[in-house]
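Residue-level listing of the chains:
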Amino acid sequence: MPSFLKYTGFPKLIGECGGKNYHFVHTSADVESVVNGTVRSAFEYQGQKCSACSRMYVPESLWPQVSLNIFVLKTKIAQFLSALSVKYCHHPLKIHVQT
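About the criteria used
Residues numbered from 1 in each chain as written. Predicted model: local features only at pLDDT ≥ 70, side-chain atom pairs only at ≥ 80, totals over all residues. Heavy atoms only, no water. Helix = DSSP H or I, 4+ residues; strand = E, 2+ residues; numbered from the N terminus. Buried < 20%, exposed > 50% of the residue type's maximum accessible area, 1.4 Å probe, protein only. Contact = heavy atoms within 4.5 Å. Areas by Shrake-Rupley, 256 points an atom, 1.4 Å probe, with all protein chains shown as cover. Phe/Tyr/Trp six-rings, centres within 6.5 Å; stacked < 30°, edge-to-face > 60°. pLDDT = per-residue confidence, 0-100. Core = buried A, V, L, I, M, F, W, Y, C linked by side-chain atoms within 4.5 Å.

### A few points about the overall build of the protein chain
Move 1: The number of helices and strands found in the protein chain is 3 helices and 2 strands.
Move 2: Shown N-terminal to C-terminal, the secondary structure of the protein chain runs as helices and strands in the order β-α-β-α-α.
Move 3: Evaluated residue by residue, the protein chain yields a buried proportion of 15% over its 99 residues.
Move 4: A separation threshold of at least 6 residues defines the contact pool for the protein chain, and within that pool the share at least 24 residues apart is 64%.
Move 5: When the accessible area of the protein chain is evaluated, it comes to approximately 8,200 Å², of which 61% is carbon and sulfur surface.

### A word on the packing of aromatic side chains
Move 1: Scanning all chains against the criterion turns up 2 aromatic pairs.
Move 2: Both rings, one in Tyr22 and one in Tyr57, keep their centres 5.8 Å apart while their planes meet at 75°; by these two values the pair is edge-to-face. Of this pair, Tyr22 sits in strand β1 (residues 21–24) while Tyr57 sits in strand β2 (residues 53–57), and the two are 35 residues apart along the sequence.
Move 3: Using a relative accessible area of 40% as the deciding quantity, one classes Tyr57 as partly exposed.
Move 4: Arranged with centres 6.3 Å apart and planes meeting at 45°, the rings of Phe24 and Tyr57 form a pair that is tilted. One end of the pair, Phe24, is in strand β1; the other, Tyr57, is in strand β2, with 33 residues separating them in the sequence.
Move 5: Since its relative accessible area comes to 57%, Phe24 is described here as exposed.
Move 6: Three or more aromatic residues joined by ring pairs make a cluster, and in this case those are Tyr22, Phe24 and Tyr57.

### As for the environment of Val66
Move 1: Structurally, Val66 is set in helix α2 (residues 63–89).
Move 2: Once the C-alpha coordinates of Val66 and Val35 are considered, the two residues, 31 residues apart in sequence, prove to be 6.4 Å apart.
Move 3: Not counting the four nearest positions on each side in its chain, Val66 is found in contact with Val31, Val34, Val35, Met56 and Val58.

### Overview of the confidence of the model for the protein chain
Move 1: Chain-level pLDDT for the protein chain is 76 on average; 61% of the residues reach the 70-or-more range.
Move 2: By mean pLDDT, the top-scoring element of the protein chain is helix α1 (residues 31–44) (86), and the lowest-scoring one is helix α3 (residues 92–98) (51).

### Focus: the nonpolar core
Move 1: If you look at the biggest cluster of nonpolar residues, it comprises 8 residues: Val25, Val31, Val34, Val35, Val39, Val58, Leu62 and Val66.
Move 2: In terms of residues, this core owes the most to one element, α1, which gives 4 residues.
Move 3: Not counting residues within four places of it along the chain, the set of residues in contact with Val35 comprises Val66, Asn69, Ile70 and Leu73.

Written out as C-alpha cells, the structure is:
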C-alpha cells in the first residue's frame, strides 16, 4: 500500500522557485478561493518579495475561469485605486495640512 494513501487531508507540497512564493492549483480547487488568495498574496505581501505570490501554476482545465476572475478582480482593484488617486493624490499636501 502506498504511503500517500494514509493522508486524511493533503500532503504539503514544497517547491523552490528562487525565493518567490507560488500557488500550485489542484484541479479540484475552488476558483474563487484561488483567485482571492492569489491576489491577496500578490498585493498584501508586495513589500516582502519572497512572500508575495509571483508565480502561479494552474491546470489547463481551470485556467479559463481563473484568468477571467483574476482579470475581473484586477479591474475592480484598478477602479478603486483610481478613485483613491482622484480623491487623495492630486492634492496630498492640502489633505495632510487640513487633518
